[in-house]
Amino acid sequence: MAAIKKEDLPKAKLNKESLGKATRIFRFIGPHKWKFFIGMVFLVGTGSTGLIFPKLMGNLMGLIGKTSASNEELLHVANTVGIQLLILFAFQAVFSFFRVVLFVNVTENMLASLRQATYDRLIRMPMSFFSSRQVSELNSRVSADISQIQDTFTTSIAEFIRQSMILIGGIGIICFTSWRLALVMLAIIPVLAIFAVFFGRKIRKISKGIQDNVADSNIIVGETLQGIANVKAFTNEKYENERYKNTTLEIVKEAIKGGIARGSFFSFIIFCLGGGIVYLIYYVVKMKIDGDIQPEEMMSFLFYTVMVAASIGGLPEQYAQIQRAVGATERVFDLLDEEVEDIRLTPNPSPKGEGGDSRQPAVRFNGEVEFQNISFSYPSRKDFQVLKNISFSAKKGETIAIVGPSGSGKSTMTNLILRFYNPDSGKIIIDGKNALDYSLTELRSQMAIVPQDVLLFGGSIKENIAYGKSGATLEEIKDAARKANALDFIESFPEKFETKVGERGIQLSGGQRQRIAIARAVLKNPSILLLDEATSSLDSESERLVQEALDKLMEGRTSFVIAHRLSTIRKADKIIVIDKGQVKESGTHEELIAITDGLYRSLSKLQFELN
Ligand code: ADP
């Protein structure tokens, strides 16, 4: 997925409401507020000293055309003004330095708090939030939004304020020098500058269109080359050629349009802008000849005009940046306002009064689980009922196998036990109490899951196992690995428990990853265990090692086992056969195999024949 670029972020309308919302961001500045205000003072300092510059430059350059004074006098004035200019730049240098340093400091601190707050929210969102969104898109969006806010706070706001000061101040000073000149200038420069900005925008739009077309044509090349076997097998070369030809022709059409726009833009700039400036200079020179203004006033005026024109040219972009940042802030806050699960992040107080692990339960569950008439549909697909009136019960320490065709709702049942989702009707009773009456942290701290696809985090094997219990000692981790049949392979690596895994480290096989996940579960020591097709994708040797480890892990815990290979669940205390979200049969292997036209019996037979 392509990352979202900042330039593509939608702009928000700037009104009282959106600005009001955006000012919430100032709360994240927290104790750094004073730096922001001092930064502002420096910014005003840079802006106002900037306004003195054209005046002094005019005084200096105006000396060139001065004939009324002696050379000595002229030299004296030149020296004085030169020194004044140097002092001015020294002030500007100091102001700019502190302004930049302070703004960056405030922004980075603010962004860190904002990033932490967003991540804290994201990680506590309910599963329904994630299943209804493209997670990678969300990630890319949030980082684009935050980086937009960053740019705006470090640069755009400052630039906007500085250029506004120059614009207003510059026009004010010009009016003060000569209102006639000011009128002529205002009639020409802003009109031309605004025209140029709009023209520039149009050109940018066209070139974006070209870029999109180029991207489309690249997609065709990528797709067809990747699926070249299909193209050839279906003899679709001609069709693909046509498709590609059409998009390349589109590119040509757009590019020619862009060329015409760019050409016109250049002609416009050369003729109109040039013409306007010539007229302005002509007018000023005429005033000078008529004796209406002094040479230094004339030069200052020209410098002020250049500065005002540059500000007019720059302001729309800064304004657009601020608009984008307001939009970005709104989106970030929308995310922060989403409802989260009641996950406790603070640790349980340990008996000694020190901070403990929030995931280690205060009281241990027995692990009795009962489904009472559970019906459920996913929030994103309300019209499709996944589970229909499911009831069963599991006593402490029992193994319950859940079998059924793919898509029948097996994983959904484990999702409900973990309370990733809540049932639409019916109750899940755990140790005699409705699951809804436990806090999520309390409930989930009693459970462990060994999924089919084990996700290992970048880090060492040791860290990955310790994910089951923070603060576990190396001895505990080793012991867990031993119980999970993982010690041998871990110790065969040169760096043993410190071996890095994941994207930047060693790639473990499916069976090895499973055993790491089992070691995690051993460390967590849950009373309820959920095994989701844990051995279905393994070869028989890995399966034996994993199964052995699982058998040990399941001892004394209530376990729910989703299994495709029915041979692995013969010993289960109860097998629940579900089909299309309903319980079809339940009982032990012997009971179910005895049902002549039962679903379990036919599934078993099918597997037996396949094997
Ligand atoms: P099984 O584990 O038996 O293969 P699942 O419990 O994964 O079946 O899925 C049962 C049904 O629920 C399927 O039709 C599936 O498409 C649907 N389903 C699973 N997860 C979601 C989800 N997050 N959102 C919407 N529908 C889902």
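Residues numbered from 1 in each chain as written. Predicted model: local features only at pLDDT ≥ 70, side-chain atom pairs only at ≥ 80, totals over all residues. Heavy atoms only, no water.

## A few points about the overall build of the protein chain
Rule in force here: The way it works is that DSSP assigns letters per residue, a run of H or I at least four long becomes a helix, a run of E at least two long becomes a strand, and they are numbered from the N terminus. Each radius of gyration is computed over the set of C-alpha atoms, and the globule rule expresses the reference value as 2.2 Å times the number of residues to the power 0.38. Type-normalised accessible area, obtained with a 1.4 Å probe on protein chains alone, sets the label of each residue: buried when under 20%, exposed when over 50%, and partly exposed for intermediate values. Should any heavy atoms of two residues lie within 4.5 Å, those residues are considered in contact. Methods summary: accessible areas were calculated by the Shrake-Rupley approach with a probe of 1.4 Å, and residue burial reflects only the protein chains presented. In this tally, Lys and Arg are treated as positive and Asp and Glu as negative; His is ignored, and so are the chain termini. In plain terms, the charge of a residue is placed at NZ if it is Lys, CZ if Arg, CG if Asp and CD if Glu.
Across its full length, the protein chain holds 18 helices and twelve strands. Computed over C-alpha atoms, the radius of gyration of the protein chain comes to 36 Å, more than 25% over the 25 Å expected from 2.2 N^0.38 for 611 residues, which places it beyond the range of a compact globule. Dimensions of the protein chain along its principal axes, counting C-alpha atoms only, are 120 × 75 × 50 Å. Taking all 611 residues of the protein chain together, the buried fraction comes to 43%. Residue pairs in contact within the protein chain that sit at least 24 positions apart in sequence constitute 77% of those at least 6 positions apart. Only carbon and sulfur atoms are counted for the fraction: they give 59% of the accessible area of the protein chain, which is about 32,900 Å². Positive and negative charge centroids in the protein chain, built from 73 and 66 side chains respectively, lie 4 Å apart.

## Section: the packing of helix α6 (residues 179–226) against helix α9 (residues 295–336)
Which entries qualify depends on this criterion: All axes are obtained by fitting lines to C-alpha atoms, using only the stretch in contact for helices, and the reported angles, taken between N-to-C directions, cover 0 to 180 degrees. Whether a crossing is left-handed or right-handed is set by the direction in which the near helix is turned from the far one by less than a right angle, anticlockwise for left-handed and clockwise for right-handed. Under the grouping applied here, Gly and all other residues not named as nonpolar or charged are polar, the nonpolar ones being Ala, Val, Leu, Ile, Met, Phe, Trp, Tyr, Cys and Pro and the charged ones Asp, Glu, Lys and Arg.
The interhelical angle for the contact between α6 and α9, taken along N-to-C directions, is 35°, at an axis separation of 9 Å. With respect to the hand of their crossing, α6 and α9 are arranged in right-handed fashion. Residue-level contacts link L181, M185, I189, P190, A193, I194, V197, R201 and R204 of α6 to F301, T305, V308, A309, I312, G313, P316 and E317 of α9. Considered class by class, the residues forming the contact of α6 with α9 number twelve nonpolar, two polar and three charged.

## Thoughts on the environment of F266
Looking at where F266 falls in the secondary structure, it is placed in helix α8 (residues 237–289). The partly exposed category is assigned to F266, whose relative accessible area is 49%. Residues F266 and V332, 66 residues apart in the sequence, show an inter-C-alpha distance of 40 Å.

## A closer look at the pairing of strand β3 (residues 399–403)
Rule in force here: What makes two strands pair is DSSP finding at least two bridges between them.
Burial runs high along β3: five of the five residues are buried. Across four bridges, the pairing between β3 and strand β10 (residues 558–562) is parallel. By the bridge assignment, A401 is partnered in β10 with V561. Two strands pair when backbone bridges link them, and β3 and strand β11 (residues 574–579) are joined in this way by four bridges, in the parallel orientation. Residue pairing across strands places I400 opposite K574, the latter belonging to β11.

## Topic: the site of the ligand
So the rule is basically this: In this text, near means that some heavy atom of the residue lies within 4 Å of the molecule or strand in question. We define a polar contact as two N or O atoms separated by no more than 3.5 Å, with the added condition that, inside protein, one atom must be a possible hydrogen donor and the other a possible acceptor, whereas residues neighbouring each other in sequence contribute only through side-chain atom pairs.
The immediate surroundings of the ligand are formed by 15 residues, with G407, G409, K410, S411 and T412 found nearest. At 3.5 Å from a nitrogen atom of the ligand is found a side-chain nitrogen or oxygen belonging to Y378. S411 places a polar side-chain atom, nitrogen or oxygen, 2.7 Å from an oxygen atom of the ligand. It is helix α10 (residues 410–417) that contributes the most residues to the shell around the ligand, three residues altogether. For the shell around the ligand, the per-class residue count stands at five nonpolar, eight polar and two charged.

## Observations concerning the nonpolar core
Inside soluble globular proteins, nonpolar side chains tend to come together where they are buried. Short version of the rule: The set of buried Ala, Val, Leu, Ile, Met, Phe, Trp, Tyr and Cys residues whose side-chain atoms join them within 4.5 Å is what this entry labels a nonpolar core.
I465, I490, I518, I569 and I575 are the most contacted members of the largest nonpolar core, which totals 45 residues. Ranked by residue count, the leading element in this core is helix α15 (residues 510–524), at seven residues. Look past the residues within four positions of I569 in its chain and what remains in contact with it is A401, V403, V561, A563, I575 and Y600. In this structure, L167, A196, M298 and Y304 belong to the second largest nonpolar core, which totals 31 residues.

## Considerations on the confidence of the model for the protein chain
Stated precisely, the cut-off is as follows: The predictor rates its confidence in each residue with pLDDT, a number between 0 and 100.
Chain-level pLDDT for the protein chain is 83 on average; 93% of the residues reach the 70-or-more range. Taken as a whole, residues 347–356 scores under 50 in pLDDT and shows twelve contacts with residues more than four places along the chain or in a different chain.

## A look at the sheet that holds strand β5 (residues 433–434)
Across the sheet, four strands lie side by side as β2-β1-β4-β5; this open sheet has antiparallel pairing. Looking at the sheet topology across the chains shown, the edges are occupied by β2 (387–394) and β5. By the bridge criterion, two bridges tie strand β4 (residues 425–430) to β5 in an arrangement that is antiparallel. In the strand pairing of β5, I429 is matched with N434. Here α10 sits on the sheet in contact with β1 (369–376), β2 and β4, set at roughly 115° to β1.

## A few points about a nonpolar patch on the surface
Put simply, the rule reads: Each patch is assembled from residues with relative accessible area greater than 30% and no salt bridge, linking like charges that lie within 9 Å and nonpolar side chains (Val, Leu, Ile, Met, Phe, Trp, Tyr) that lie within 5 Å. Counted as salt bridges are all cases of a side-chain nitrogen of Lys or Arg within 4 Å of a carboxyl oxygen of Asp or Glu.
On the surface, V94, F97, F98 and V101 cluster together into a nonpolar patch covering about 350 Å² of accessible area. Residue placement: F98 occurs in helix α3 (residues 71–124). The exposure class assigned to F98 is partly exposed, which follows from its relative accessible area of 38%.

## A look at the pattern of salt bridges
Counted by the stated rule, this structure contains 17 salt bridges. Two residues, E250 and K253, come together in a salt bridge whose shortest N-O distance is 3.5 Å. Taken together, the residues span about one helical turn, with E250 and K253 both in helix α8 at a distance of three residues. Owing to a relative accessible area of 34%, E250 belongs among the partly exposed residues under this scheme. Between K462 and E498 there is a salt bridge, with the nearest N and O atoms lying 3.4 Å from each other. Residue K462 is found in helix α12 (residues 461–466), and its partner E498 is found in the loop between α14 (487–492) and β8 (500–501); the two are separated by 36 residues along the sequence.

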